[in-house]
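Fold and geometry: a report
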Amino acid sequence: MKKFAAFLLCALMVVAMMAPSIAAVPSADAKLIESLGKKSSDYVALDWFGEMNAYYNSSDTTYGNVVISKANSDASNLPNYIASKTFTQKELPVGSIIIVDAGYQYRPEGWVNADLSKDDVARPGNVNTNVVEVTKEWWGTFAVRAFNLSVTPTRAVTEGDKAALRIYVPKPAEETTKAPAATTKPAATPAAPATFDAGIIVAAVAAVSLAGTVVLKKKR
């Protein structure tokens, strides 16, 4: 019995390793990304969340270079916001996609100086556009950006409200390599890697389990 249990565990581990990765982009967001002429398979979700009941104000002379939270402020509007992490253009590159649900808005704060020190650039306004593509113009002269997520009409935010904002960044180049262009004399086509879907995985597990059952019955 112990040998069979070990065999079953090994079989499940092999099947798991052969299974394809779970899609990083939900179907609804994939349609929005593809509406921009992009391939959703070329994107991966960015972990943007920073802190509940907090926000940035890049134009504030006192708190302009830090997130404003209960740790340093008693502002009455803190419960209405969710602050993100801060991002450089390398972390949030041109081509990234920002999606926000209806009934929500975000302010894409920006700092010209990498140390978030005060500058003379106007504070960006709130955005409620469903899907936005990050461009060179979106970055402009900013070196760092961050987001304040809030609900419209205004109310205190909850943990569940975090899901209203999703940011997708392009996968690293090595993960989105394109097929080589055709030539007059095509090179030999390499064998395609084996792919597995959920049905195959379930069937494999069922087969292993059935084999174990038969073995146990014979021993009895």
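Residues numbered from 1 in each chain as written. Predicted model: local features only at pLDDT ≥ 70, side-chain atom pairs only at ≥ 80, totals over all residues. Heavy atoms only, no water.

Structural notes on the environment of A114
- Mapping A114 onto the fold places it in the loop between strand 6 (104-111) and strand 7 (131-133).
- Setting aside its immediate chain neighbours within four residues, A114 contacts A143 and V144. (Helix = DSSP H or I, 4+ residues; strand = E, 2+ residues; numbered from the N terminus. Contact = heavy atoms within 4.5 Å.)

Points about the side chain of S58
- The residue S58 is located in the loop between strand 2 (49-52) and strand 3 (82-84) in this model.
- According to the relative accessible area criterion, S58 is buried, its value standing at 5%.
- Within the structure, S58 has its side chain in polar contact with the side chain of E109 (distance 2.7 Å).
- Excluding anything up to four places from it in sequence, S58 contacts G64, E109, G110, W111, K118, R123 and P124. (Buried < 20%, exposed > 50% of the residue type's maximum accessible area, 1.4 Å probe, protein only. Polar contact = N/O pair within 3.5 Å; in protein donor to acceptor, adjacent residues only side chain to side chain.)

Here we look at the environment of L116
- Along the chain, the position of L116 falls in the loop between strand 6 and strand 7.
- In this structure the C-alpha to C-alpha distance between L116 and A143, which are 27 residues apart in sequence, comes to 8.7 Å.
- Not counting the four nearest positions on each side in its chain, L116 is found in contact with G64, N65, T86, W111 and V144.

Description of the nonpolar core
- Ranked by size, the top nonpolar core spans 24 residues in total, and within it L92, I98, Y106, W138, F147 and L165 carry the most contacts.
- Of all the secondary structure elements, the ones that give two or more residues to this core are strand 5 (97-100), strand 6, helix 3 (136-139), strand 8 (144-151) and strand 9 (165-170).
- Residues within four places of L92 in sequence aside, it is in contact with L46, F87, V134, W138, W139, F147, I167 and V169. (Core = buried A, V, L, I, M, F, W, Y, C linked by side-chain atoms within 4.5 Å.)

Here's the deal with the sheet that holds strand 5
- A sheet is described by the order of its strands in space; here four strands give the open sequence 1-9-5-7, paired in antiparallel fashion. Both edges of this open sheet fall to strand 1 (43-45) and strand 7, since each of them pairs with a single strand only. The mean inter-strand angle of the sheet, taken between neighbouring strand axes irrespective of direction, is 25°.
- Summarising the sheet, strand 5 and strand 7 pair through three bridges and their orientation is antiparallel. Counterpart to I98 in the pairing with strand 7 is V132. (Pairing = 2+ DSSP bridges. Axes fitted to C-alpha atoms, helices over the stretch in contact; angles between N-to-C directions.)

Re the environment of T154
- Structurally, T154 can be placed in the loop between strand 8 and strand 9.
- Through-space distance from the C-alpha of T154 to that of N80 is 6.9 Å; in sequence the pair is 74 residues apart.

Examining the confidence of the model for the protein
- Predicted confidence across the protein gives a mean pLDDT of 80, with 68% of residues reaching 70 or more.
- Within the model, the stretch residues 4-23 combines pLDDT values under 50 with 13 contacts to residues more than four positions away or in other chains.
- Here residues 179-220 scores under 50 on pLDDT; set against residues more than four positions off or in separate chains, the count is 15 contacts. (pLDDT = per-residue confidence, 0-100.)

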